[in-house]
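Structure assessment
Here's the letter readout for the chains.
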Amino acid sequence: MFDQIVFPDVLCVSVVKGEDTWRVTHSSAQICAVKGSTVEIPCTCTYTYPSTIRQQTTVVQSRFWFTKDRYEPVDVRTDPDYSGRVEYLFHENVCTLRIKNLTERDSAVYKFMFTTNQPGGSLTGDEGVTLSITDLQVQVETKRNQAELKCYSSCNVADNPSYVWYRNGKNMTAETSSIRVSVHENNKYSCSVKGREDYRSPEVYAPKLPSVSVSPSAEIVEGSSVTVTCSCDANPAPEYTWYNMNGRELSKESELVFSSVQSSDSGRYYCKAKNDLGERTSGYVKVEVKYAPKLPSVSVSPSAEIVEGSSVTLTCSSDANPAANYTWFKENNNQPLSREAQLVFSSIKSSDSGEFSCKAENDLGKPTYKWISIDVKFSPKLPSVSVSPSAEIVEGSSVTLTCSSDANPAANYTWFKEDEDSPTASGQIFTISNFSADHSGRYYCEAQNTRGRHNSTLHLLVVAGNSTFIIHIIKWTLLLLMLISLLLVTLWMRKKKTLSSTTEPAEVIEVDVVYENVSAVTAAQTEDTEEQEHML
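Here is a short report on the structure shown in this document.

Parameters and conventions
Residues numbered from 1 in each chain as written. Predicted model: local features only at pLDDT ≥ 70, side-chain atom pairs only at ≥ 80, totals over all residues. Heavy atoms only, no water. Pairing = 2+ DSSP bridges. Helix = DSSP H or I, 4+ residues; strand = E, 2+ residues; numbered from the N terminus. Axes fitted to C-alpha atoms, helices over the stretch in contact; angles between N-to-C directions. Buried < 20%, exposed > 50% of the residue type's maximum accessible area, 1.4 Å probe, protein only. Core = buried A, V, L, I, M, F, W, Y, C linked by side-chain atoms within 4.5 Å. Contact = heavy atoms within 4.5 Å. Patch = residues over 30% accessible without salt bridge, like charges linked within 9 Å, V, L, I, M, F, W, Y side chains within 5 Å. Areas by Shrake-Rupley, 256 points an atom, 1.4 Å probe, with all protein chains shown as cover. Salt bridge = Lys/Arg side-chain N within 4 Å of Asp/Glu carboxyl O. 1 Å grid on protein atoms, 1.4 Å probe; cavity = no way out; pocket = protein on both sides within 12 Å on 5 of 7 lines; lining within 4 Å. Points joined across faces, edges and corners; volume = space filled by probe spheres on them. Nonpolar A, V, L, I, M, F, W, Y, C, P; charged D, E, K, R; others polar.

Brief notes about the sheet that holds strand 16 (residues 178-182)
Within the open sheet, the 3 strands sit side by side as 12-13-16. Their pairing is antiparallel. Across the chains shown, the open sheet's two edge strands, defined by having one partner strand only, are strand 12 (137-143) and strand 16. Ignoring which end each strand starts from, the neighbouring axes of this sheet average 25° apart. Bridge count for strand 12 against strand 13 (residues 146-152) is 7 bridges, and the pairing is antiparallel. Following the sheet pairing, Val-140 is matched in strand 13 by Leu-149.

See below:
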């Protein structure tokens, strides 16, 4: 019969009287039984009494088995955990314990105790019987594309019993201890001992579709600890392997742990669960790491030379999650130029040259900055010309002409004199060391660079030297005196003419003489005046 699937050791309890007390000893015993079966723990007892009381009547008052003795031994017949499942097979020296419908909780150390009417006759053994309860198990061994399933128990099963195999809960025809099945089938297998079909082994089967989870399930911040877990329903228990989205193997554990997760860890991951009956691959799980903006990068379009009047776009980008907000500034100016990733100049000006910064920020961490320099190329502006000395240019003096123009790249300067084909000089400064009347005239400077040219005109006029100037003053003074004399003569003549109507004819002749003299003087003065004008 198969309701007791064990080979129990015989427990012999010897009761002897020591020097001052009774003593009970159990010979050590180990019993293993299958879950759901019935087990018997046999016991035979021999009572030996001291010679001093051998003639006395010794009565065994009680005999029982127990497992719990926290305060005092509890008879298993009264223990609720064994209700309706225990039976004592006591007869004279027989003290066997029977337990039915074994469960895992019945695994324990069982001890026997009896009491007598003699002093000190309440005795218990120092040892006990260790009872272990086990399930039937299906062992799996893979051989190529097949798996060998063996119905197995850690306890020895008596009488080489027949077995019953089940596929997805339904009986199979096989009654052997092992069967072969194809690997990767989506079936479940279990077994039982024939006659005890109510107590089947746990089912074995290939992994089901694994499920994956991320902890914490809330927002993942860079630097925090993150665990990605793969779990799968399978028997035997599966082995797990984690991969990234590129198929690179990351871990052989059920958990993929990031002790300090980085932005570079963002991505999709999946796991595989595998046992001897097959394998399954999970879907992707997404790990999204939130982090503050990294150092921005700034680009300029067009990337070639920036020319005044052209369209120029500065673009700022920063790796951040959530996406960064951008603000543009120009050096020494706290007023934002733009709150977009792009700063656009539809027609850039020379005044736009300078340093620009892009600030990238989000709700995490500190903002980051990136500077870029803009150098706008432009043709020379209208040159400005200065003369040194700035007073009258005196003949023989030194004169310095300076030309300057705002230009990028810096301008080259050339000096020209009006009506002359060849340049007079080159360079920003033009010096005439001994200025003369020949140098008088119109000059202009031309400012030129690779972007264009522009010129400006200057009129120079020489002033005579100091000695010549004094001579001119004397000549003009004499001329002025002669004119005054002429005016006085003219006034005198008019007065004489007025009186002529009351004078004699002889006076008219005098007037004529006088007139002739005046005419001569006038002619002389006129001739001197023309000579002075010629000299001037």
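A closer look at the pairing of strand 22 (residues 239-244)
Burial analysis of strand 22 places 5 of its 6 residues in the buried class, the great majority of the element. Across 6 bridges, the pairing between strand 22 and strand 25 (residues 267-275) is antiparallel. Bridged to Tyr-240 within strand 25 is Ala-273. Here strand 22 pairs with strand 23 (residues 249-251) via 2 bridges, running antiparallel. Within strand 23, the position partnered with Trp-242 by the bridge is Ser-251. Where strand 22 folds back on strand 23, the antiparallel hairpin that results is connected by 4 residues, among which Gly-247 adopts a positive phi of roughly 85°.

Details of the pairing of strand 16
Along a regular strand, successive side chains alternate from one face of the sheet to the other. The alternating pattern of strand 16 places Ile-179 and Val-181 on a buried face, while none of Ser-178, Arg-180 and Ser-182, on the opposite face, is buried. Pairing analysis gives 5 bridges linking strand 13 to strand 16, with the strands arranged antiparallel. Within strand 16, the position partnered with Ala-147 by the bridge is Val-181.

Digging into the nonpolar core
Judged by nonpolar contacts, the single largest core of 24 residues is most densely connected at Trp-65, Leu-97, Ile-99, Tyr-110 and Leu-131. Taken together, the elements giving at least two residues each to this core come down to strand 3 (29-34), strand 4 (39-41), strand 6 (60-66), strand 7 (86-91), strand 8 (94-99), strand 9 (108-116) and strand 11 (129-134). Of all the elements, strand 9 adds the most residues to this core, at 4 residues. In this structure, Tyr-110 is in contact with Ile-41, Trp-65, Phe-66, Thr-67, Tyr-82, Leu-97, Ile-99, Gly-128, Val-129 and Leu-131, ignoring residues within four places of it in sequence.

Structural notes on the sheet that holds strand 21 (residues 226-231)
Reading across from one edge, 19-21-24 is the order of the 3 strands in this open sheet, with antiparallel pairing throughout. Single-partner strands in this sheet number two, and they are strand 19 (211-215) and strand 24 (255-258). Mean inter-strand twist for the sheet, computed between neighbouring axes without regard to direction, equals 10°. Sheet topology places strand 19 next to strand 21; 5 bridges connect them, and they run antiparallel. Across the sheet, Val-212 pairs through a bridge with Cys-230, a residue of strand 21.

Side note on a nonpolar patch on the surface
Taken together, Leu-480, Leu-481, Ile-484, Leu-487, Leu-488 and Leu-491 make up a surface patch of nonpolar side chains, about 590 Å² in accessible area. Locating Leu-488 in the fold gives a position in helix 1 (residues 466-499). The class for Leu-488 is exposed, based on a relative accessible area of 55%.

Some points on empty space enclosed by the protein
On inspection of all chains with the given rule, the structure shows 2 cavities of 30 Å³ or more. Taken as a whole, the second largest cavity encloses approximately 30 Å³ of empty space. As for the second largest cavity, its lining consists of Ser-182, Glu-185, Asn-187, Tyr-189, Tyr-205, Ala-206 and Leu-277. Looking at the lining of the second largest cavity, its residues break down into 4 nonpolar, 2 polar and 1 charged.

What to know about the pattern of salt bridges
One pass over the full model with this rule turns up 17 salt bridges. Lys-377 is the salt-bridge partner of Asp-375, the closest N and O atoms lying 3.0 Å from each other. For Lys-377, a relative accessible area of 17% translates into the label buried. Between Glu-446 and Arg-453 there is a salt bridge whose closest N-O contact spans 3.4 Å. Residue class for Glu-446 comes out buried when judged on its relative accessible area of 12%. Each member of the salt-bridge network shares a partner with another, and the members are Glu-40, Glu-87 and Arg-98.

Some details on unusual backbone geometry
In the segment running from Ser-215 into Pro-216, the intervening peptide bond is cis, with an omega of 5°. Phi angles above zero are rare outside glycine, and Asn-168 is one such case at about 55°. Tracing the backbone through its elements, the reader meets Asn-168 in the loop between strand 14 (163-167) and strand 15 (170-171). Phi is positive for Asn-332, which is not a glycine, with a value near 65°. Within the secondary structure, Asn-332 is located in the loop between strand 32 (325-330) and strand 33 (333-338). Judged by its relative accessible area of 85%, Asn-332 falls in the exposed class.

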